[in-house]
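Single-letter residue listing:
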Amino acid sequence: MDNNNLEQTLQEGKLYRYVNNLIVAHLRDNNLTQAASAVASATMTPLNIEASFNKLLELVAKGLAVEKDETVRGVSSSPLFDSSTSLPAAYGSIPPPRVVSVDFSAAHDTKGSSKSFPKHETRHVSEHKNVARCARFSPDGRFLASGSADNSIKLFEVAKIKQMLLPEGRDGPVRPVVRTFYDHLQPINDVDFHPQNTILISGAKDHTIKFFDFSKTVAKRAFRVIQDTHNVRSVSFHPSGDFLLAGTDHHVPHLYDINTFQCYLSLNVQEIGATSAINQVRYSCTGGMYVTASKDGAIRIWDGVSSNVVRSILTAHGSAEATSANFTKDQRYVLSCGKDSSVKLWEVGTGRLVKHYHGATHTQLRCQAIFNDTEEFVLCVDEPSNEIVIWDALSAEKVARWPSNHVGAPRWLEHSPTEAAFASCGTDRSIRFWKETP
């Protein structure tokens, strides 16, 4: 073997070892211990190998960004999407977070250390013809979609909403609604954005999941439809954009391949004893896990590859409905909300209750508890007082109660993933936008 070939072989060996190290560390740090052990054994990689948290995810994201740039310059796109449509400039490119997410594992005695939640200004931005039931920001924070009991979906451009917060200029009033979609026959339960393409999906009581291309200015109807067998209560795209989850009146999440529409179900359902409808389903940021909140009060964490349940918290909200569940950015915790008027933080690896956020009553509406974009604060709704309640996420101390400015309690809160702004949806049909004041 000549020196050049020897050098190439050595370099390739180093690369393989580095990749194996990252895979093992990624699986281990995301609580997939069994898979990490299997890969470590097969590749002779130490299980305790040191690597920056989510380093593999960071490198893959950079690679996908380069690949996406090459695609824009000439390579054809995925079969589901029409590459001839004009995409909003740089859609899907996610800006860096303002600060690193909170490390809940480092918290011991946090009493008296609560932060103040910054003041926000708010504005009524639009209203539906019936109850505004749900909302979601796009991953890059540039768009907001709302779904209603009037069977319609409104798409807002966030930059235009912000213009509404400024003194009115000489050009007249700003119109932040850039698209309105009409294609469902019954109320919308949930919406989500594709992570890379200008595709919006919606799940509704008419048992369908509909795909809308919002790069097309005249399209008001879905260009593809999944016909489910149940009322679709919740939808969530896999971070790759190739799969989606549907939480329905069926007790098992429905996993769809979005190119073939093939539906997959978990094989270990009988073992876990799930029998109730799913109120919400959400993927973790890497897609390695997903979480469900069920009407029987249970929170369940599922393996994103095998679709098997890896953790069941059966009495997370007693006998009351669990209405929402979302992973933290580091995927080590799940924030849940229930009709028992409780908001709780759970450790994924053990199922241990880490934080309990007291002081908001919600027993009627299918509301959700949310983090702000930095995960320093938790927000939820207090129905009797028609207020938004805010806690310091780390100390679990209540730091603010704000009038919602809705007529009647808001039924949905949704925070921007990229900035200090959130939206509220009301039984009064209205959508309000909240933004931190300078």
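Conventions used here
Residues numbered from 1 in each chain as written. Predicted model: local features only at pLDDT ≥ 70, side-chain atom pairs only at ≥ 80, totals over all residues. Heavy atoms only, no water. Helix = DSSP H or I, 4+ residues; strand = E, 2+ residues; numbered from the N terminus. Contact = heavy atoms within 4.5 Å. Polar contact = N/O pair within 3.5 Å; in protein donor to acceptor, adjacent residues only side chain to side chain. Phe/Tyr/Trp six-rings, centres within 6.5 Å; stacked < 30°, edge-to-face > 60°. Buried < 20%, exposed > 50% of the residue type's maximum accessible area, 1.4 Å probe, protein only. Salt bridge = Lys/Arg side-chain N within 4 Å of Asp/Glu carboxyl O. Core = buried A, V, L, I, M, F, W, Y, C linked by side-chain atoms within 4.5 Å. pLDDT = per-residue confidence, 0-100. Patch = residues over 30% accessible without salt bridge, like charges linked within 9 Å, V, L, I, M, F, W, Y side chains within 5 Å. Areas by Shrake-Rupley, 256 points an atom, 1.4 Å probe, with all protein chains shown as cover. Pairing = 2+ DSSP bridges.

### Let's talk about the environment of Trp412
Turning to step 1, where the next piece is worked out: Turning to its location among the elements, Trp412 is positioned in strand β26 (residues 410–415).
Turning to step 2, where the next piece is worked out: Residues Trp412 and Cys380 lie 32 residues apart in sequence; the distance between their C-alpha atoms is 8.6 Å.
Turning to step 3, where the next piece is worked out: With residues up to four places along the chain from it excluded, the contact list for Trp412 reads Arg133, Cys134, Ala135, Asp190, Gln280, Arg282, Arg366, Gln368, Ala423, Ser424 and Cys425.
Turning to step 4, where the next piece is worked out: Polar contacts involving the side chain of Trp412 include one to the main-chain carbonyl oxygen of Ala135, which spans 3.2 Å.

### What to know about the packing of aromatic side chains
Turning to step 1, where the next piece is worked out: In total, this model carries twelve aromatic pairs according to the counting rule given.
Turning to step 2, where the next piece is worked out: Here the aromatic rings of Tyr357 and Trp391 are separated by 5.9 Å at their centres, their planes lie at 55°, and the arrangement is tilted. Here the residue Tyr357 occupies a position in strand β21 (residues 353–357), and Trp391 occupies one in strand β24 (residues 387–392), the gap between them amounting to 34 residues.
Turning to step 3, where the next piece is worked out: Owing to a relative accessible area of 0%, Trp391 belongs among the buried residues under this scheme.

### Remarks on the pattern of salt bridges
Pairing of side chains with opposite charge becomes possible as their charged atoms draw close.
Turning to step 1, where the next piece is worked out: Within the structure shown, the criterion is met by 16 salt bridges.
Turning to step 2, where the next piece is worked out: The salt bridge partner of Glu376 is Lys115, with a shortest N-O separation of 2.5 Å. Of this pair, Glu376 sits in the loop between β22 (370–371) and β23 (377–382) while Lys115 sits in the loop between α3 (55–72) and β1 (120–127), and the two are 261 residues apart along the sequence.
Turning to step 3, where the next piece is worked out: Through salt bridges with shared partners, one network takes in Arg136, Asp190, Asp192 and Arg282.

### A look at the nonpolar core
Soluble globular proteins tend to bury their nonpolar side chains together.
Turning to step 1, where the next piece is worked out: With 30 residues, the main nonpolar core has Leu144, Leu200 and Phe433 as its most contacted residues.
Turning to step 2, where the next piece is worked out: Elements supplying a minimum of two residues to this core: β2 (132–137), β3 (143–148), β4 (152–157), α4 (158–164), β6 (188–193), β7 (199–204), β27 (421–426) and β28 (430–436).
Turning to step 3, where the next piece is worked out: Counting residues per element, this core draws most heavily on β2, at four residues.

### Details of the confidence of the model for the chain
The predicted coordinates ought not to be read in detail in places where the model reports low pLDDT.
Turning to step 1, where the next piece is worked out: The predicted model of the chain averages 85 in pLDDT, with 84% of residues at 70 or higher.
Turning to step 2, where the next piece is worked out: With pLDDT under 50 throughout, residues 71–79 is counted as low confidence; its partners more than four residues away or in other chains account for five contacts.

### Some words on a nonpolar patch on the surface
Turning to step 1, where the next piece is worked out: There is a patch of nonpolar side chains on the surface, built from Leu15, Tyr18, Val19 and Leu59 and spanning about 340 Å² of accessible area.
Turning to step 2, where the next piece is worked out: Per element, the largest residue contribution to the nonpolar patch is three residues, and it comes from helix α1 (residues 3–29).
Turning to step 3, where the next piece is worked out: By secondary structure assignment, the location of Tyr18 is in helix α1.

### Focus: the pairing of strand β20 (residues 342–347)
Turning to step 1, where the next piece is worked out: Within β20, six of the six residues are buried, which leaves it mostly tucked inside the rest of the structure.
Turning to step 2, where the next piece is worked out: Of the two faces of β20, the one carrying Ser342, Lys344 and Trp346 and the one carrying Val343, Leu345 and Glu347 are both buried.
Turning to step 3, where the next piece is worked out: Turn length for the strand β19 (residues 333–338)-β20 hairpin, with the two strands adjacent in sequence and antiparallel, is three residues, and the turn residue Ser341 shows positive phi of about 65°.
Turning to step 4, where the next piece is worked out: Bridge analysis of β20 against β21 gives four bridges, and the strand direction is antiparallel.

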